[in-house]
Amino acid sequence: MIDISIKNISKIYVSDFKCKKKTAVQNLSLEIEPGEIFGIIGRNGAGKSTTLKMIMGFITPDSGQIFISGKIPADPDSRCKIGYLPENPYFYDNLTARELLTFSCQASGLDQKTSNQRIELLLKQVGLFAEQNQKLRTYSKGMTQRAGICFALVHDPDIVILDEPMSGLDPMGRKMVIDLILDLKKRGKTVLFCSHILNDVERICDRVAIMDQANLKGIYTKEQILENHGMEELFLKIVQQNELQAK
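A short tour of the structure in this document, coming up. (Residues numbered from 1 in each chain as written. Predicted model: local features only at pLDDT ≥ 70, side-chain atom pairs only at ≥ 80, totals over all residues. Heavy atoms only, no water.)

## Quick look at the side chain of Ser78
Turning to step 1, where the next piece is worked out: Its place among the elements puts Ser78 in the loop between strand S4 (63-68) and strand S5 (82-85).
Turning to step 2, where the next piece is worked out: Engagement of the side chain of Ser78 in a polar contact is seen with the backbone oxygen of Ile72, the distance being 3.3 Å.
Turning to step 3, where the next piece is worked out: Here Asp75 takes part through its backbone oxygen, which lies 2.7 Å from a polar atom of the side chain of Ser78.
Turning to step 4, where the next piece is worked out: Every residue in contact with Ser78, bar those within four places of it in the chain, is listed here: Ile68, Lys71, Ile72 and Pro73. (Helix = DSSP H or I, 4+ residues; strand = E, 2+ residues; numbered from the N terminus. Polar contact = N/O pair within 3.5 Å; in protein donor to acceptor, adjacent residues only side chain to side chain. Contact = heavy atoms within 4.5 Å.)

## Here we look at the layout of surface pockets
Turning to step 1, where the next piece is worked out: Counted as a void, the largest pocket has a volume near 370 Å³.
Turning to step 2, where the next piece is worked out: Together, 19 residues line the largest pocket, and Arg79, Ile82, Gly83, Ser108 and His155 are the ones closest to its centre.
Turning to step 3, where the next piece is worked out: Those elements that place two or more of their residues in the lining of the largest pocket are S5, helix H2 (97-107) and helix H4 (141-153).
Turning to step 4, where the next piece is worked out: Class assignment of the residues belonging to the lining of the largest pocket gives a composition of 11 nonpolar, four polar and four charged.
Turning to step 5, where the next piece is worked out: Counted as a void, the second largest pocket has a volume near 210 Å³. (1 Å grid on protein atoms, 1.4 Å probe; cavity = no way out; pocket = protein on both sides within 12 Å on 5 of 7 lines; lining within 4 Å. Points joined across faces, edges and corners; volume = space filled by probe spheres on them. Nonpolar A, V, L, I, M, F, W, Y, C, P; charged D, E, K, R; others polar.)

## Let's talk about empty space enclosed by the protein
Turning to step 1, where the next piece is worked out: Going through the model one piece at a time under the given rule, you end up with one cavity of 30 Å³ or more.
Turning to step 2, where the next piece is worked out: Computed from the structure, the largest cavity encloses a volume of approximately 50 Å³.
Turning to step 3, where the next piece is worked out: Residue lining of the largest cavity: Ile149, Leu153, Leu162, Val177, Leu180, Ile181 and Leu184, and that is the complete set.
Turning to step 4, where the next piece is worked out: Going through the elements one at a time, H4 and helix H5 (171-186) are the ones with two or more residues in the lining of the largest cavity.
Turning to step 5, where the next piece is worked out: Here the element with the most residues in the lining of the largest cavity is H5; it accounts for four residues.

## Points about the packing of aromatic side chains
Within a pair of aromatic rings, the relevant descriptors are the distance that separates the centres and the angle that separates the planes.
Turning to step 1, where the next piece is worked out: According to the stated counting rule, one finds two aromatic pairs in the structure shown.
Turning to step 2, where the next piece is worked out: Geometrically, the ring pair formed by Phe58 and Tyr84 is edge-to-face, given 5.4 Å between the ring centres and 65° between the ring planes. Placement of Phe58 in the loop between helix H1 (48-56) and S4 and of Tyr84 in strand S5 is noted, with a sequence separation of 26 residues between them.
Turning to step 3, where the next piece is worked out: Here the basic side chain of Lys124 rests over the ring of Phe129, its NZ or CZ set 5.1 Å away from the ring centre. (Phe/Tyr/Trp six-rings, centres within 6.5 Å; stacked < 30°, edge-to-face > 60°. Lys NZ or Arg CZ within 6 Å of the ring centre and 35° of its normal.)

## Quick look at H2
Turning to step 1, where the next piece is worked out: Three or more residues of H2 are buried, namely Ala97, Leu100, Leu101, Ser104 and Cys105. Each buried residue of H2 sits inside an arc of 135° when the element is viewed along its axis, so together they form one side. Exposed and facing more than 90 degrees away from the buried side of H2 are Gln106 and Ala107.
Turning to step 2, where the next piece is worked out: Structurally, H2 contributes buried residues whose contacts are with helix H3 (112-125) and H4.
Turning to step 3, where the next piece is worked out: Positioned one or two residues after H2, Gly109 has a phi angle of 80°, which is positive. (Buried < 20%, exposed > 50% of the residue type's maximum accessible area, 1.4 Å probe, protein only. Arc of directions from axis to C-beta.)

## A short note on the sheet that holds strand S7 (residues 190-194)
Strands pair in a sheet through their backbones, by hydrogen bonds, and they do so in one of two ways: parallel or antiparallel.
Turning to step 1, where the next piece is worked out: In spatial order, the strands read S5-S6-S7-S3-S8-S9; together these six strands make up an open sheet with mixed pairing. Sheet topology places S5 and strand S9 (215-221) at the edges, where each strand pairs with a single neighbour. Within this sheet the neighbouring strands show an average axis-to-axis angle of 15°, counted without direction.
Turning to step 2, where the next piece is worked out: Summarising the sheet, strand S3 (residues 37-42) and S7 pair through four bridges and their orientation is parallel. When the sheet's bridge partners are listed, Ile40 is paired in S7 with Cys194.
Turning to step 3, where the next piece is worked out: Taken strand by strand, H1 contacts S3, S5, strand S6 (159-163), S7 and strand S8 (207-212), and its axis lies near 145° from that of S6.
Turning to step 4, where the next piece is worked out: Against the sheet, H5 makes contact with S3, S6 and S7, and its axis sits at roughly 140° relative to S3, the strand it touches most. (Pairing = 2+ DSSP bridges. Axes fitted to C-alpha atoms, helices over the stretch in contact; angles between N-to-C directions.)

## A closer look at the packing of H4 against H5
Turning to step 1, where the next piece is worked out: Close contact between H4 and H5 brings their axes to 12 Å; oriented N to C, the two are set at 10°. By the criterion of interaxial angle, the relationship of H4 to H5 is roughly parallel. For the pair H4 and H5, the contacting residues are Arg146, Ile149 and Leu153 in the first and Gly173, Met176, Val177, Leu180 and Leu184 in the second.
Turning to step 2, where the next piece is worked out: Taken together, the residues of the contact of H4 with H5 sort by class into six nonpolar, one polar and one charged. (Parallel < 35°, antiparallel > 145°, perpendicular 65-115°, else oblique.)

## As for the pattern of salt bridges
Turning to step 1, where the next piece is worked out: What the rule picks out here adds up to 11 salt bridges.
Turning to step 2, where the next piece is worked out: Of the charged contacts, one joins Asp62 and Lys11 as a salt bridge, the two residues approaching to 3.7 Å between their closest N and O atoms. Highlighted residues: Asp62 in the loop between H1 and S4 and Lys11 in strand S1 (residues 4-15), separated in sequence by 51 residues.
Turning to step 3, where the next piece is worked out: Taking the relative accessible area as the measure of exposure, Asp62 reaches 48% and is therefore partly exposed.
Turning to step 4, where the next piece is worked out: Salt-bridge contacts for Arg174 lead to Asp200; the nearest nitrogen and oxygen are separated by 3.1 Å. Note that Arg174 is positioned in helix H5 and Asp200 in helix H6 (residues 198-204), a separation of 26 residues in sequence.
Turning to step 5, where the next piece is worked out: Members of the salt-bridge network, linked through shared partners, are Asp156, Asp158, Arg187 and Lys189. (Salt bridge = Lys/Arg side-chain N within 4 Å of Asp/Glu carboxyl O.)

This is the structure we're talking about:
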């Protein structure tokens, strides 16, 4: 069974007091297979985050259908297997990292022994074990991002959705996230993520979707990316073609 199936979804927002309509996503269709690392890239406003929010059920598409392991996003059971990191995670800043993850474990129905094992493992993986009892308000942006990654993974989900997971991270932090994603793949997990860092996308993704101006411009394998001289060259070529067509 396909883990995530998107069929012709569109989303239009009505913006500002003049009631102007803005198309965020237009007739998007794609399928993500089990155990696949799938990346979505595009310029700001291309529709990447809106797509992830529709998959999560936070907003509803105006048309089209989304299925997560055969279930629609409105079905609470569809989220049981999902771990999600938003682009700008925000948590109660009076909690410590351990308290935050304990809450996530309890909400996910994990027993105490499993919770403690998962929390300790993830905090060590992201380099926050020594700071686990500090209040989140004392964390830098990069540390908060690491805590958010733990929050998304602590219940050991089968499908992981990450919106700009490298945001705010230094080079060592980015390497840590890449290693985590590759480890998820080794364990048979499905990973869907958006990123502006083209080199990282090229390095770890099995397939990459390029979006521009609310539209899907193509889905490419690693081999196709290499044939086009790398992710950066391919992305620039598609964006330039789109701008010429718009003129």
